[in-house]
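Chain and residue survey
Here is what each chain is made of, one letter per residue.
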Amino acid sequence: MNASDRTPADLLRSALAADPGRPLITFYDDATGERVELSVATFANWVSKTANLLQGDLGAEPGDRLALLLPAHWQSAVWLLACASVGVVAEVGGDPADADLVVSGPDTLEEAAACAGERVALALRPLGGRFPQPPAGFADYAVEVPGQGDRFAPFVPVDAEGPGLVVGGEELSYAGIVGRAREDAAKLGLGPGSRVLSGLGYDTWDGLSAGLFAALAAGGSVVLCRHLDRLPAEGLAQRTEAERVTHTVR
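Summarised in this report is the structure supplied together with it. Bear in mind the structure is a predicted one, so any value in this text is a computation, not a measurement.

**As for the pairing of strand E8 (residues 163–167)**
E8 sits mainly inside the fold: four of its five residues count as buried. By the bridge criterion, two bridges tie strand E4 (residues 89–92) to E8 in an arrangement that is parallel. In the strand pairing of E8, Glu91 is matched with Val166. Sheet analysis places E8 next to strand E9 (residues 170–173), joined by four bridges and oriented antiparallel. Within E9, the position partnered with Pro163 by the bridge is Ser173. Two successive antiparallel strands, E8 and E9, enclose a turn made up of two residues, where Gly168 displays a positive phi of approximately 60 degrees.

**As for the sheet that holds strand E12 (residues 247–249)**
Spatially, the five strands line up as an open sheet ordered E2-E1-E11-E10-E12, and their pairing is mixed. Strand pairing shows two members of the sheet lacking a second neighbour, strand E2 (34–39) and E12, which therefore form its edges. Adjacent strand axes in the sheet meet at a mean angle of 15 degrees, parallel and antiparallel pairs treated alike. Contacts from helix H7 (residues 205–218) reach strand E1 (23–29), strand E10 (195–198), strand E11 (221–226) and E12, with the element oriented near 175 degrees to E11.

**A word on helix H1 (residues 8–18)**
Among the residues of H1, Pro8, Ala9, Asp10, Leu11, Leu12, Ser14 and Ala15 are the ones counted as buried. Buried residues in H1 make contact with E1, helix H2 (40–57), helix H3 (74–86), helix H6 (174–188) and H7.

**Overview of the nonpolar core**
Core analysis: the largest hydrophobic core is formed by 65 residues, its most contacted members being Phe43, Leu54, Leu66, Trp79, Leu80, Leu165 and Phe213. Dropping the residues within four chain positions of it, Leu80 is found in contact with Leu68, Ala90, Val92, Leu165, Tyr202, Leu208 and Leu212.

**Here's the deal with empty space enclosed by the protein**
The rolling of a water-molecule-sized probe over the atoms marks out the regions of remaining empty space. Enumeration according to the criterion identifies two cavities of 30 Å³ or more in this entry. If you add up the space inside the largest cavity, you get close to 50 Å³. Lining of the largest cavity is provided by Pro8, Leu80, Leu81, Ala84, Ala90, Gly164, Leu165, Tyr174, Ile177 and Phe213. For the lining of the largest cavity, the secondary-structure elements that each account for two or more residues are H3, E8 and H6. At three residues, the largest contribution of residues to the lining of the largest cavity is made by H3. Tallied by class, the residues present in the lining of the largest cavity amount to nine nonpolar, one polar and no charged. A volume near 30 Å³ is recorded for the second largest cavity. As for the second largest cavity, its lining consists of Gln75, Leu122, Ala123, Leu124, Gly128, Gly129, Asp140, Tyr141 and Ala142. Broken down by class, the residue content of the lining of the second largest cavity amounts to five nonpolar, three polar and one charged.

**Regarding the pattern of salt bridges**
Per the stated rule, a full pass over the model turns up 11 salt bridges. Arg6 serves as the salt-bridge partner of Glu161, at 2.2 Å between the closest nitrogen and oxygen. Placement of Glu161 in the loop between helix H5 (141–144) and E8 and of Arg6 in the segment before H1 is noted, with a sequence separation of 155 residues between them. Judged by relative accessible area, which is 39%, Arg6 ranks as partly exposed. A salt bridge links Arg226 to Asp29, with the nearest nitrogen and oxygen atoms 3.7 Å apart.

**Regarding the layout of surface pockets**
Quantified by volume, the largest pocket comes out at close to 410 Å³. Considering the residues around the largest pocket, the lining is formed by 21 residues, among which Ala9, Arg13, Ser48, Ser85 and Phe152 are closest to the centre. For the lining of the largest pocket, the secondary structure elements donating two or more residues are H1, H2 and H3. At six residues, the largest contribution of residues to the lining of the largest pocket is made by H2. Looking at side-chain class alone, the lining of the largest pocket contains 13 nonpolar, four polar and four charged residues.

Calculation rules
- Every chain is numbered independently, its residues counted from 1 as its sequence is written.
- Local features are withheld for residues below a pLDDT of 70 in this predicted model, meaning they are given only at 70 or higher, and side-chain atom pairs are given and counted only at 80 or more; totals for whole chains, interfaces and linings count all residues.
- No hydrogens and no water enter the side-chain calculation; it runs on all heavy atoms of the structure.
- For every residue, the accessible area (1.4 Å probe, protein chains only) is compared with the maximum for its type, and the residue is labelled buried under 20%, exposed over 50%, or partly exposed between those bounds.
- Numbering of helices and strands starts at the N terminus; helices are DSSP runs of H or I of at least 4 residues and strands are runs of E of at least 2.
- Only strands that DSSP links by at least two bridges are regarded as paired with each other.
- Geometry is summarised by axes, namely lines fitted to C-alpha atoms with helices restricted to the contacting stretch, and by angles between N-to-C directions that run from 0 to 180 degrees.
- The criterion used for residue contact is that any of the two residues' heavy atoms lie within 4.5 Å.
- Here the nonpolar core consists of buried residues drawn from Ala, Val, Leu, Ile, Met, Phe, Trp, Tyr and Cys, with membership extended through side-chain atoms lying within 4.5 Å.
- We place a 1 Å grid over just the protein atoms. Points where a 1.4 Å probe fits but has no way out form a cavity, open points with protein on both sides within 12 Å along at least 5 of 7 lines form a pocket, and any residue with an atom within 4 Å of a point lines it.
- Grid points are joined across faces, edges and corners, and a volume is the space filled by probe spheres set on the points.
- Each residue is assigned to one of three groups, with Ala, Val, Leu, Ile, Met, Phe, Trp, Tyr, Cys and Pro labelled nonpolar, Asp, Glu, Lys and Arg labelled charged, and all others, Gly among them, labelled polar.
- We define a salt bridge as a side-chain nitrogen of Lys or Arg found within 4 Å of a carboxyl oxygen belonging to Asp or Glu.

Written as structure tokens, this is what we have:
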């Protein structure tokens, strides 16, 4: 990664320039049997489309607060990078009533309805599928995002020193995210080609770092596992071998 990268969006651009075809996130849901693998290019395309939705259709501006009510999931990672691309502050598990926008999974719709601003719902179905019945008062992400542009440019340059993320009661700037991610990558011994298997949630910095930011900062990739506790030990061993995992964080 480039030493000059100061925001998560910068890290993604560097990854795209270096090797767009390599895997970036391989997602497993051990409650449903789902497996999805996204290359750097595919992930970046989702981020661009989501950032265009966020900036254009939803009217989000730098400094706006977005309550992110999503579990550890590949689509959650997309939203985190989309927020960083626009300059929106992602508040993981934030209070929708205090947020400018809210992005919710299917299990938190009632809580998310407290947001007076724009509301987006994700069904979190395999292959990014839509809700069978759109939730009232919410835009269905799977319906809205496919038609968005494949290239994104922010209306206003993102301030690397501005607030970027709130998780576990701690607020980090975009530069702070990158700095912490690089420190974590060094502690774990990550480098280009590293494959990090993470069973942690996204509701703590440790989970976000292991399941996204540290590998991105190091030029590695992530095997992100939801409901990993449902996978027996022999299944985990097989996955570790099949996915060529180099580091495991649980």
